[in-house]
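# Descriptive analysis of the structure
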Amino acid sequence: MGHAAGNDTVTLTLPPDPEFAEIPRVTLASLLRIHRIDPGDLGDLGTAIQQAAGSITGAGHSVEINFRVTATEVLVRLEGGGQAVDLAAPRS
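Here the structure is a predicted model, which is why all the values come from computation and not from measurement.

## Digging into the pattern of salt bridges
Under the defined criterion, the tally for this structure stands at two salt bridges. One salt bridge connects Arg77 with Glu79, and the closest N-O pair in it is separated by 3.5 Å. When its relative accessible area of 32% is taken as the criterion, Arg77 is described as partly exposed. Accessibility expressed as a relative area gives 34% for Glu79, which makes it partly exposed. For Arg77, the salt bridge goes to Asp86, with nearest N and O atoms at 2.7 Å. Assessed through its relative accessible area of 53%, Asp86 is described here as exposed. A cluster of three or more residues bridged by salt bridges with shared partners is formed by Arg77, Glu79 and Asp86.

See below:
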């Protein structure tokens, strides 16, 4: 997991192995603590991230997940196996 200099984007790369399916939720939870965001405020974002990552890794592809926290929302982009999934939740 890396932190890109100059912004609040964290990138996580998962191998094509379903055993790593919980890591995106743990990463999201860590970001929420750092930015003092109540997890309940983001609704089902963690579940949606885990499902999208599981779909990509379950198809035998690695997945790169970019988490970005702005003043108004949490943005997540998952890429792998020729597909991209963009997810977002408002930040209160």
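Picking up where we left off.
## Focus: the nonpolar core
Ranked by size, the top nonpolar core spans 22 residues in total, and within it Leu45, Ile49, Ile65, Phe67, Val74, Val76 and Leu78 carry the most contacts. For this core, the secondary-structure elements that each account for two or more residues are strand 2 (9-14), helix 1 (23-34), helix 2 (45-58), strand 3 (63-69), strand 4 (73-80) and strand 5 (83-90). Broken down by element, this core gets its largest block of residues, five residues, from helix 2. Each residue touching Ile65, except ones within four places of it in the same chain, is listed here: Val10, Thr11, Leu12, Leu14, Pro24, Ala53, Val76, Arg77 and Leu78.

Definitions and limits used
Residues numbered from 1 in each chain as written. Predicted model: local features only at pLDDT ≥ 70, side-chain atom pairs only at ≥ 80, totals over all residues. Heavy atoms only, no water. Salt bridge = Lys/Arg side-chain N within 4 Å of Asp/Glu carboxyl O. Buried < 20%, exposed > 50% of the residue type's maximum accessible area, 1.4 Å probe, protein only. Core = buried A, V, L, I, M, F, W, Y, C linked by side-chain atoms within 4.5 Å. Helix = DSSP H or I, 4+ residues; strand = E, 2+ residues; numbered from the N terminus. Contact = heavy atoms within 4.5 Å.

These figures capture arrangement, not role.
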